[in-house]
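Commentary on secondary and tertiary structure
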Amino acid sequence: MSREMSLASPSSLRDGLYKLWRKFTAPNSTTALQTGKHWTDGLPIYRKVLAVAAGPNSSTVNTAHGITGLGTVISVSGMLDNATIQVPLPFADSAAAATQIEMSLTDTNVVLISGASGDYSAYAGHVIIEYTLA
């Protein structure tokens, strides 16, 4: 019994490879973009990058994320940079708890809170949010 093998045309092969590439290399953008992935409930996952103009200085910094209808938050991560040192968000330091940076997400903002000795006001950076819509 023989099986016929169907060969894809070059353009459909190229389109298929492009879709596969996009699935694993979703771009970062300040506007919400679908990543090509889906959450466990089948909803599409979106990614958005936010600019953080300045980090907290023993205080709280709120940065509006502009996401309407926020559903499940898949991940929130980021970096702050002062041109010499890069600090991950959130930032934990077991040797100096007062310099840590807590990061949380509300329905409207990304919230960064630094400890009593945490002056990150000379740092700027970004936060990446992956989420579904409600």
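In what follows, the accompanying structure is described. (Residues numbered from 1 in each chain as written. Predicted model: local features only at pLDDT ≥ 70, side-chain atom pairs only at ≥ 80, totals over all residues. Heavy atoms only, no water.)

The strands making up a sheet associate through hydrogen bonds between their backbones, and the pairing can be parallel or antiparallel. The 5 strands are arranged β1-β2-β8-β4-β5 in an open sheet whose pairing can be described as antiparallel. With partners counted over all chains shown, the strands left at the sheet margins are β1 (33-38) and β5 (86-89), one partner each. Between one strand axis and the next, the sheet turns by 20 degrees as a mean value, whatever way the strands run. Bridging between strand β2 (residues 44-52) and strand β8 (residues 124-133) involves 7 bridges; their strand directions are antiparallel. The partner of arginine 47 across the bridge, within β8, is glutamate 130. (Pairing = 2+ DSSP bridges. Helix = DSSP H or I, 4+ residues; strand = E, 2+ residues; numbered from the N terminus. Axes fitted to C-alpha atoms, helices over the stretch in contact; angles between N-to-C directions.)

The next point concerns the side chain of threonine 99. With respect to the helices and strands, threonine 99 occurs in the loop between β5 and β6 (101-105). Side-chain polar atoms of threonine 99 contact the backbone oxygen of alanine 96, separated by 2.8 Å. With near-sequence residues (within four places) excluded, threonine 99 lies in contact with Phe91, Asp93, Ser117, Gly118 and Tyr120. (Polar contact = N/O pair within 3.5 Å; in protein donor to acceptor, adjacent residues only side chain to side chain. Contact = heavy atoms within 4.5 Å.)

On to the pairing of β8, then. Two faces, one strand: in a regular strand the side chains alternate between the faces of the sheet. In terms of strand pairing, strand β4 (residues 70-81) meets β8 through 9 bridges, oriented antiparallel. Each bridged residue has a counterpart across the sheet, and for glycine 78 the counterpart in β8 is valine 127.

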